[in-house]
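These are the residues of each chain, in order.
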Amino acid sequence: LEFRRVLFRSGPITYAISKTAPTEAVEAMKEGLRYWNEVSKAALGREIIRIETGADPDAPPRPRSVMIYWVPYANAGSAYANFQPDPLTGEISSGFVYQTSVFFLSGRNRGRRFVDRGVENAKQLVASGFRPATLCALPEPPMLGLDPLSGGSDLDERIGQKMGLDYLRFVVAHETGHTLGLSHNFAGSLGSEV
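Residues numbered from 1 in each chain as written. Predicted model: local features only at pLDDT ≥ 70, side-chain atom pairs only at ≥ 80, totals over all residues. Heavy atoms only, no water.

Colleague: Could you give an account of the sheet that holds strand 5 (residues 92–100), naming the residues involved and the relevant values?
Modeller: Within the open sheet, the 5 strands sit side by side as 2-1-3-5-4. Their pairing is mixed. Each end of this open sheet is capped by a strand with a single partner; those strands are strand 2 (49–55) and strand 4 (80–85). Sheet twist, expressed as the average angle between the axes of neighbouring strands with direction ignored, equals 15°. Set on the sheet, helix 2 (residues 23–44) makes contact with strand 1 (13–18), strand 2, strand 3 (65–71) and strand 5; between it and strand 2 the angle comes to about 165°. (Pairing = 2+ DSSP bridges. Helix = DSSP H or I, 4+ residues; strand = E, 2+ residues; numbered from the N terminus. Axes fitted to C-alpha atoms, helices over the stretch in contact; angles between N-to-C directions. Contact = heavy atoms within 4.5 Å.)

If you want it as C-alpha cells, here you go:
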C-alpha cells in the first residue's frame with residue numbers, strides 16, 4: 001500500500017481518449033477507466049485517474065498522461081498498452097493504449113449470436129466487478145422476447161451493441177491495469193475472478 005502511495009503522490013494521471021474513438025464507445029471506455037478509481041479509492045482513499053475525451057492522437061505525449069488510441073482493426077488479436085515510469089520515483093511519466101476495435105465488434109457479434117441461439121443467463125457473460133449494460137443483465141432471455149421470430153433484427157442489434165460495449169469496457173480496464181504497472185491476473189483478465 002505504501003509503495004502505491006509513492007507511485008501516485010503527484011496526483012492523478014490523465015487518461016486521454018483519442019477523438020478517433022467512436023461516439024458510442026467513449027462512455028464504455030470511460031467506465032473501464034473509472035473502475036480503477038473505485039479500486040484506488042478503496043485502497044488509497046483517492047482517485048488516481050483523470051479522464052479526458054477528444055484528445056488529438058497526433059499531439060506529442062504530455063507528462064503524466066496516457067493516450068488511449070482507437071485503432072480501427074477488426075481482425076486484431078489483441079490490444080496493447082505500455083508506460084514509461086520515472087526511473088527515480090517509479091511514478092508514471094507517460095504511456096499509451098492501442099485499443100483495437102475488434103473487441104467491440106466481436107462482442108457485438110457474440111451478442112447477436114446469443115440472441116439467435118436464445119442462450120439463457122446473459123448476466124454470466126459480464127466479467128465480475130463490472131456493471132453490465134442493461135440489456136445484458138436480464139436473467140432470462142425469453143422475458144426479453146429473445147426468440148428471433150418475435151424479437152426481430154432491431155433487438156438483435158440492441159443486444160449486440162450492449163454486449164460489444166461491455167466487452168470494450170472490460171478490455172479498456174485490462175489495458176489500463178498494464179499502464180498502472182500490473183502484469184496479469186487482474187480485473188479484465190479472462191482467467192480472473194477479481
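Colleague: Please give an account of the nonpolar core that cites residues and values.
Modeller: Y15, M29, L33, I68, W70, L168 and L180 are the most contacted members of the largest nonpolar core, which has 26 residues in total. Residue assignment for this core shows that the elements contributing at least two residues are strand 1, helix 2, strand 3, strand 5 and helix 5 (148–179). Here this core gets 8 residues from one element, more than from any other, and that element is helix 2. Every residue in contact with M29, bar those within four places of it in the chain, is listed here: I17, A21, I68, W70, Q99, L168 and V172. Core analysis: the next-biggest nonpolar cluster, separate from the first, contains 7 residues, A79, V102, Y167 and V171 among them. (Core = buried A, V, L, I, M, F, W, Y, C linked by side-chain atoms within 4.5 Å. Buried < 20%, exposed > 50% of the residue type's maximum accessible area, 1.4 Å probe, protein only.)

Colleague: Lay out the pairing of strand 5 in plain terms, naming residues and giving numbers.
Modeller: Relative to strand 5, strand 3 is paired through 7 bridges, and the arrangement is parallel. Within strand 5, the position partnered with I68 by the bridge is V97. With 6 bridges joining them, strand 4 and strand 5 adopt antiparallel strand pairing. Directly across from Y80, in strand 5, lies its bridge partner Y98.

What is shown is where atoms sit, not what they do.
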